[in-house]
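Residues per chain, in single letters:
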Amino acid sequence: MKYARQDIAEIADEYVLGLLEPGEQAEMEAEMESDPDLRAAVAMSRERFLPLDVGAEPAGIDKALWERIEAALPVLGGSVDEKSARGRPSNDNRQTAWRHAALSAIAASLLLAVGLGVSLTRSVEPLVIAVLLNDRGEVQAVVEDFGNENASVRLLTDYQVPSDKTIQVWTLPSRDMGPMSLGLLEGARSASLKAPELPQPKDAQLYELTLEQAGGSPTGRPTGPILAKGFAKLTR
Amino acid sequence: MSFVTIADAGFAPENDAPTRETRLAPVANASTDLESALAACASGDRNGLRLIFDSEAGRLVAVAERIVRRRDLAEEVVQEAFIRVWTHARQYAPERGSARGWVTAIVRNRALNMLRDGREDLIGEDRLETLQETDQIDQILAAWNKLDRNSRLRECLGTLDETKRNGILMAYVGGYTHGEIAGRLRIPLGTTKSWIRRGLAALRECMA
């Protein structure tokens, strides 16, 4: 067991309050799987603070929210579903998931090879290629950035895009500049994008797909859920 | 190698039910209904999820909104959380605490992760730009006053110094990090961490 017994209550509280650093949080979640005392401490801590959430003034709920949920529900009971649901503790750590996805070098390099294969058949070379993964480490898309205000997005999965939503493509040229939109996809199809004038794409630059309202993010920054993301590699 | 092991390791593991203590008793009687509703979800009955939605969604959107600061993002959080409740309902067991606590924890984790994810890469400064700082903090601190008069948590939070209490509320209710709390309360980071830690210890002792 990783944690001294006298520290368990403290770390459980900090976890429940969301105060752990991402690395500590991941460690703690992994440890919980094998440490029943730690799990019990987390359950107790949650119940201790729950009244603060139970007392929240309920927001007015539009019935459209239920409709969106219902439309997105997978059918339960399939053998695959059952197996994966049983084998996985019910946690919700997207960030760790992304981190893990980023570490899934096997998937990334395989798909990078696919991306390179695609690019080699064309006369104009992209400067960078980014393989975008979802939070499970599954490859979803490849972005090729040509650096001359042209970029292409190749989707490698079927997205169901509701009619009031659109997939928007983003990159982060630098932290100072913040996320920049490369454009919108029509429906869930691969596309060549006319991007705004941006600095020359670099190695390890972040690219991302988010689901935004139709017409694109109202704020000019990503606001919707992240569908896939990945870091670029320079083509050689 | 599985891509989900670490990712999904976490907040409600399955085996070795923890020793149940009296404090883990359901917070409200409504929780028993929620437990049945979760059981219905686990058997594939959508009415179970609808019941949870009808009784909890308004509150859960409010909880998420206090953390992500925007109504549209809060609804997004709740939408994702309900899908997770549906797919993971069979993992719920009373030993993990109340059904309401279990569902709420899923929403909280989603909201915090949206925030932290965004903070680290793309949504970056959004939160600060849109933050109505003073209102926001007032709203967070008001969560304490809104607790039931007889609530043990209310009473025990009341025994803490104001700074410790505020730090704890900002973290739990508003999803603030240590650094953000230090900035808002204008105290050094190290001091913030140790005050919150001591506040949490005092709270545990008071509520034991």
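Residues numbered from 1 in each chain as written. Chains lettered and ligands numbered in written order. Predicted model: local features only at pLDDT ≥ 70, side-chain atom pairs only at ≥ 80, totals over all residues. Heavy atoms only, no water.

As annotated in an unreviewed UniProt entry, chain B is Sigma-70 family RNA polymerase sigma factor from Rhizobium deserti.

In the nomenclature of an unreviewed UniProt entry, chain A is known as Anti-sigma factor of Rhizobium deserti.

Draft legend 1. A look at the overall build of chain A. From N to C terminus, chain A includes 7 helices and 8 strands. Of all 236 residues assigned to chain A, the portion counted as buried reaches 51%. Restricting to contacts in chain A with at least 6 residues of sequence separation, those with at least 24 account for 60%. (Helix = DSSP H or I, 4+ residues; strand = E, 2+ residues; numbered from the N terminus. Buried < 20%, exposed > 50% of the residue type's maximum accessible area, 1.4 Å probe, protein only. Contact = heavy atoms within 4.5 Å.)

Draft legend 2. How the structure looks around the environment of arginine 198 of chain B. In this structure, arginine 198 of chain B sits in helix 11 (residues 189-207). Looking at arginine 198 of chain B, the relative accessible area reads 48%, which means it is partly exposed.

Draft legend 3. Examining helix 11 of chain B more closely. The first and last C-alpha atoms of helix 11 of chain B sit 27 Å apart over 19 residues, in line with the 27 Å expected at 1.5 Å per residue. Those residues of helix 11 of chain B lying buried are Thr192, Ile196, Gly199, Leu200, Leu203, Arg204, Cys206 and Met207 of chain B. Each buried residue of helix 11 of chain B lies within a common arc of 165° when the element is viewed along its axis, so the set occupies one face. Elements that come into contact with the buried residues of helix 11 of chain B comprise helix 1 (8-16) and helix 3 (36-54) of chain A together with helix 8 (152-158), helix 9 (162-172) and helix 10 (178-185) of chain B. (Expected span 1.5 Å × (residues − 1). Arc of directions from axis to C-beta.)

Draft legend 4. Region of interest: the confidence of the model for chain A. Residues and elements named next belong to chain A. Chain-level pLDDT for chain A is 80 on average; 80% of the residues reach the 70-or-more range. Here helix 5 (residues 79-87) is the element of chain A with the lowest mean pLDDT, 38, and helix 1 is the one with the highest, 96. Note that pLDDT drops below 50 for residues 77-94; the model gives that stretch 59 contacts with residues more than four away or on any other chain. (pLDDT = per-residue confidence, 0-100.)

Draft legend 5. Layout of the packing of aromatic side chains. Enumeration over the complete set of coordinates arrives at 4 aromatic pairs over all chains. Relative to phenylalanine 53 of chain B, the ring of tryptophan 66 of chain A lies with its centre 5.2 Å away and its plane at 55°, an arrangement referred to as tilted. Residue tryptophan 66 of chain A is found in helix 4 (residues 63-72), and its partner phenylalanine 53 of chain B is found in helix 3 (residues 46-68); the two belong to separate chains. Phenylalanine 53 of chain B shares its class with tryptophan 66 of chain A; the two are buried. Here the aromatic cluster, defined as three or more aromatic residues joined through ring pairs, consists of Trp66 of chain A together with Phe53 and Phe82 of chain B. If you follow arginine 108 of chain B out to its NZ or CZ, it ends over the ring of tyrosine 172 of chain B, 3.5 Å from the centre. A cation sits over an aromatic face here: arginine 165 of chain B above tryptophan 144 of chain B, 4.0 Å from the ring centre. (Phe/Tyr/Trp six-rings, centres within 6.5 Å; stacked < 30°, edge-to-face > 60°. Lys NZ or Arg CZ within 6 Å of the ring centre and 35° of its normal.)

Draft legend 6. Up close: helix 4 of chain A. Among the residues of helix 4 of chain A, those classed as buried are Leu65, Trp66 and Ile69 of chain A. The buried residues of helix 4 of chain A all sit within an arc of 95° when viewed along its axis, so they share a single face. Facing away from the buried side of helix 4 of chain A, by more than 90 degrees, are the exposed residues Lys63 and Ala71 of chain A. Packed against the buried residues of helix 4 of chain A are helix 3 and helix 4 (71-88) of chain B. Between a side-chain oxygen at the N-terminus of helix 4 of chain A and the backbone nitrogen of alanine 64 of chain A the separation is 3.0 Å; the capping residue is aspartate 62 of chain A. (Polar contact = N/O pair within 3.5 Å; in protein donor to acceptor, adjacent residues only side chain to side chain.)

Draft legend 7. Expanded view of the confidence of the model for chain B. All names here are of chain B. Mean pLDDT over chain B works out to 80, with 77% of the residues at or above the 70 mark. When pLDDT is averaged over each helix and strand of chain B, the minimum, 28, is found for helix 1 (residues 5-8) and the maximum, 96, for helix 11. Every residue in residues 1-28 scores below 50 in pLDDT, and together they form 88 contacts with partners more than four places removed in sequence or on other chains. For the stretch residues 119-131, pLDDT sits under 50, and the model shows 44 contacts to residues farther than four places along the chain or on other chains.

Draft legend 8. Seen up close, the sheet that holds strand 6 (residues 191-194) of chain A. Residues and elements named next belong to chain A. Across the sheet, which stays open at both edges, the 8 strands sit in the order 5-4-7-8-1-2-3-6 with antiparallel pairing between neighbours. Lying at the two open borders of the sheet, with one neighbouring strand each, are strand 5 (180-184) and strand 6. Here the average twist between neighbouring strands, direction ignored, is 25°. As paired elements, strand 4 (residues 165-172) and strand 5 share 4 bridges and run antiparallel to each other. Residue pairing across strands places tryptophan 170 opposite serine 181, the latter belonging to strand 5. (Pairing = 2+ DSSP bridges. Axes fitted to C-alpha atoms, helices over the stretch in contact; angles between N-to-C directions.)

Draft legend 9. Up close: the packing of helix 1 of chain A against helix 11 of chain B. Across the interface, helix 1 of chain A lies against helix 11 of chain B with an axial gap of 10 Å and an inter-helix angle of 110°. When the interaxial angle is binned, helix 1 of chain A and helix 11 of chain B end up roughly perpendicular. Our pair here, helix 1 of chain A against helix 11 of chain B, has a crossing hand that is right-handed. Every residue of helix 11 of chain B that contacts helix 1 of chain A at Ala9, Glu10, Asp13 and Glu14 of chain A is listed here: Arg197, Leu200 and Arg204 of chain B. (Parallel < 35°, antiparallel > 145°, perpendicular 65-115°, else oblique. Left-handed = near helix turned anticlockwise from the far one by under 90°.)

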